[in-house]
Amino acid sequence: MPKAFITGITGQDGSYLAEFLLDQGYEIIGLVRRSSTVNFERIGAIQDRITLVSGDLLDQTSLTQILEQYRPDEVYNLAAQSFVPTSWQQPVFTGEVTALGVTRLLDSIRTIDSGIRFYQASSSEMFGKVREVPQKETTPFYPRSPYGVAKVYGHWITVNYRESYGLHATSGILFNHESPRRGLEFVTRKVTDGVARIKLGLQDRLVMGNLDSRRDWGYAKDYVRAMWMMLQQDEASDYVIATGETHSVEELCRVAFEHADLDWKAHVVQDQRFMRPAEVDLLVGDASKAGQILGWEPKYTFQQLIEMMVDADMKRLQKEIKNNE
Ligand code: GDP
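Fair warning: this is a prediction, and the values are worked out from it, not measured in the lab. (Residues numbered from 1 in each chain as written. Predicted model: local features only at pLDDT ≥ 70, side-chain atom pairs only at ≥ 80, totals over all residues. Heavy atoms only, no water.)

**Student:** Help me out: how do you make sense of the overall build of the chain in this one?
**Tutor:** When its secondary structure is counted, the chain shows 10 helices and 13 strands. Against the compact-globule benchmark of 20 Å for 325 residues, the chain has a radius of gyration of 20 Å, which places it among compact chains. Taking the principal axes of its C-alpha atoms as reference, the chain extends roughly 60 × 50 × 40 Å. Residues counted as buried form 53% of the 325 residues belonging to the chain. Looking at the chain alone, contacts between residues at least 24 apart form 78% of all its contacts between residues at least 6 apart. If you average the places of the 36 positive and of the 44 negative side-chain charges in the chain, the two averages end up 3 Å apart. (Helix = DSSP H or I, 4+ residues; strand = E, 2+ residues; numbered from the N terminus. Rg over C-alpha atoms; globule rule 2.2 N^0.38 Å. Buried < 20%, exposed > 50% of the residue type's maximum accessible area, 1.4 Å probe, protein only. Contact = heavy atoms within 4.5 Å. Lys, Arg positive; Asp, Glu negative; His and termini not counted. Charge placed at Lys NZ, Arg CZ, Asp CG, Glu CD.)

Encoded structure:
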């Protein structure tokens, strides 16, 4: 039975990846940070089929001990301080986890078993102020936040350990990917949750930031499949994963509100509070390398994704209201 170690298993991608790998017959070890309030919501349904171990990307010893004890075949590094606005408030912490955490994990792999295959969750935020449209594996980086800068470090240290030590280390450059499990602070989920609340009469307004920025939004479930495909290749490499379509935050609002028969203009207001010190204006990816080499392609369109998320938030909130009655 192949064994996978996943950091960030309690997050959106970690939970979908764990489910996908269980279906493929893997044994799953997941890293959780010790705290009095760990959020097991996303992995509740599979918790009895996986092993959770305590450790931290800030603590090298914990990583080395886990690898020594469990000897996984594959390591997926999905843990990070992943919210862009927080990275301006906590730039050093973001660097410790999102950047140096990658080195800690890679170096533990190098010392314990250099045959372990490694996946690094890299991000389209590395392209930032884009140098080329669409963005592909060879597009130069120009990050626009401490988060983006930390992810550039994580990408290059992954490439460097591959080239220095011959590790099977892969950097997956994933464009924004969403789902009903996306954190409520990210824009897609903030909007779909807001639409559901407005529809159900729980609130009337949705306070937003920049409506002009454009993203290439895909479905997280499609994207975790790509992570696994990358590690099944004989040679490690780097891949862009994207839909190739770009949509503005305004379009996102329109599609989500329309799905609930609401007019977005009657409810959305803008506030400086949600504007960023530096913005990434446009992201759109070219995933043709992943198409050719991995045979990967996305199955969900933007519209299907957003409508699915609105439906899921409606269902969840209706259930909550019923339970409170
Ligand atoms: P990011 O691409 O990793 O930063 O993902 P987000 O979902 O946090 O943000 C995507 C885009 O939506 C960014 O350009 C934000 O500036 C924009 N945006 C506009 N209003 C909001 C908001 O209220 N919350 C968030 N998170 N983003 C917003």
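**Student:** Sorry, what's going on with the nonpolar core here?
**Tutor:** Ranked by internal contacts, the top residues of the largest apolar core, which has 60 residues, are Ile6, Leu21, Ile28, Tyr76, Tyr119, Phe257 and Trp296. For this core, the leading source of residues is helix H7 (residues 220–231), giving 8 residues. Residue assignment places this core across two domains, with domain 1 (3–177 + 217–241) and domain 2 (183–215 + 246–283 + 299–324) each supplying three or more. Those residues in contact with leucine 21 that sit more than four places away from it in its chain are Ala4, Ile6, Tyr26, Ile28, Tyr76 and Trp228. (Core = buried A, V, L, I, M, F, W, Y, C linked by side-chain atoms within 4.5 Å. Domains from an automatic or database assignment.)

**Student:** Explain the site of the ligand to me, please; I cannot follow it from the model alone.
**Tutor:** As a structural note, the neighbourhood of the ligand is formed by 17 residues, with Lys190, Ser213, Arg215, Arg276 and Glu279 the closest of them. Valine 187 places a main-chain nitrogen or oxygen 2.9 Å from an oxygen atom of the ligand. In the complex, the protein chains occlude 97% of the 540 Å² of accessible area that the ligand would expose alone. Looking at the shell around the ligand residue by residue, the class counts come to 7 nonpolar, 4 polar and 6 charged. Here the shell around the ligand gathers at least three residues from each of two domains, domain 1 (3–177 + 217–241) and domain 2 (183–215 + 246–283 + 299–324). (Near = heavy atom within 4 Å. Polar contact = N/O pair within 3.5 Å; in protein donor to acceptor, adjacent residues only side chain to side chain. Areas by Shrake-Rupley, 256 points an atom, 1.4 Å probe, with all protein chains shown as cover. Nonpolar A, V, L, I, M, F, W, Y, C, P; charged D, E, K, R; others polar.)

**Student:** Could you clarify how one ought to interpret the sheet that holds strand E4 (residues 74–77) in this entry?
**Tutor:** Whenever strands of a sheet pair, they do so through backbone hydrogen bonds, lying parallel or antiparallel. One open sheet holds the 7 strands; their spatial order is E3-E2-E1-E4-E5-E6-E11, and the pairing between them is parallel. The open sheet has two edge strands, strand E3 (51–54) and strand E11 (238–241), and neither has a second partner. This sheet shows a mean twist of 20° between the axes of neighbouring strands, independent of strand direction. Pairing of strand E2 (residues 27–32) with E3 involves 4 bridges; the strand directions are parallel. Residue valine 32 lies in a different strand from E3, and its bridge partner there is serine 54. Contacting strand E1 (3–7), E2 and E4, helix H1 (residues 12–23) crosses the sheet at an angle of about 175° to E1. (Pairing = 2+ DSSP bridges. Axes fitted to C-alpha atoms, helices over the stretch in contact; angles between N-to-C directions.)

**Student:** Even after reading the chapter, I still don't get the side chain of serine 123, so can you show me in this structure?
**Tutor:** Counting through the fold element by element, serine 123 comes out in strand E5 (residues 117–123). Look at serine 123 and you get buried, because its relative accessible area is 7%. Within the structure, serine 123 has its side chain in polar contact with the backbone nitrogen of glutamate 125 (distance 2.9 Å). Once you skip the residues sitting within four places of it in the chain, serine 123 turns out to touch Tyr147, Lys151, Gly172, Ile173 and Leu174.

**Student:** Any chance you could explain the pattern of salt bridges here in plain terms?
**Tutor:** The tally for this structure, following the rule as stated, stands at 18 salt bridges. Arginine 181 serves as the salt-bridge partner of glutamate 19, at 2.9 Å between the closest nitrogen and oxygen. Of this pair, glutamate 19 sits in helix H1 while arginine 181 is found in the loop between strand E7 (177–178) and helix H6 (187–199), placing the two residues 162 residues apart along the sequence. Here arginine 316 and aspartate 313 are joined by a salt bridge, their closest N and O atoms 2.9 Å apart. One end of the pair is arginine 316 and the other is aspartate 313, both in helix H10 (residues 302–324) and 3 residues apart, which spans about a single turn. Here arginine 316 falls in the partly exposed class, since its relative accessible area comes to 27%. (Salt bridge = Lys/Arg side-chain N within 4 Å of Asp/Glu carboxyl O.)

**Student:** Looking at this structure, I do not really get the packing of aromatic side chains. What am I missing?
**Tutor:** Each aromatic ring pair is described using two quantities: the centre-to-centre distance and the angle formed by the ring planes. Tallying each qualifying case throughout the model produces 11 aromatic pairs. For the ring pair phenylalanine 83 and phenylalanine 186, a centre distance of 5.1 Å and an interplane angle of 70° mean the geometry is edge-to-face. Here the residue phenylalanine 83 occupies a position in the loop between E4 and helix H3 (86–89), and phenylalanine 186 occupies one in the loop between E7 and H6, the gap between them amounting to 103 residues. The class for phenylalanine 83 is buried, based on a relative accessible area of 17%. Taken together, the ring pairs connect Phe127, Phe141, Trp156 and Phe175 into an aromatic cluster. Residue placement shows lysine 289 over the ring face of tyrosine 239; its charged tip is 4.8 Å from the ring centre. (Phe/Tyr/Trp six-rings, centres within 6.5 Å; stacked < 30°, edge-to-face > 60°. Lys NZ or Arg CZ within 6 Å of the ring centre and 35° of its normal.)

**Student:** Before we go on, may I ask you to explain the domain arrangement of the chain in this structure?
**Tutor:** By a widely used convention, the size of an interface equals the accessible area lost when the partners come together. Domain annotation of the chain identifies domain 1 (3–177 + 217–241) and domain 2 (183–215 + 246–283 + 299–324). Taking only C-alpha atoms, the centre of domain 1 and the centre of domain 2 are 27 Å apart. The interface of domain 1 with domain 2 comprises 21 residues on the first partner and 22 residues on the second. Remark: the boundary between domain 1 and domain 2 carries 1 salt bridge.

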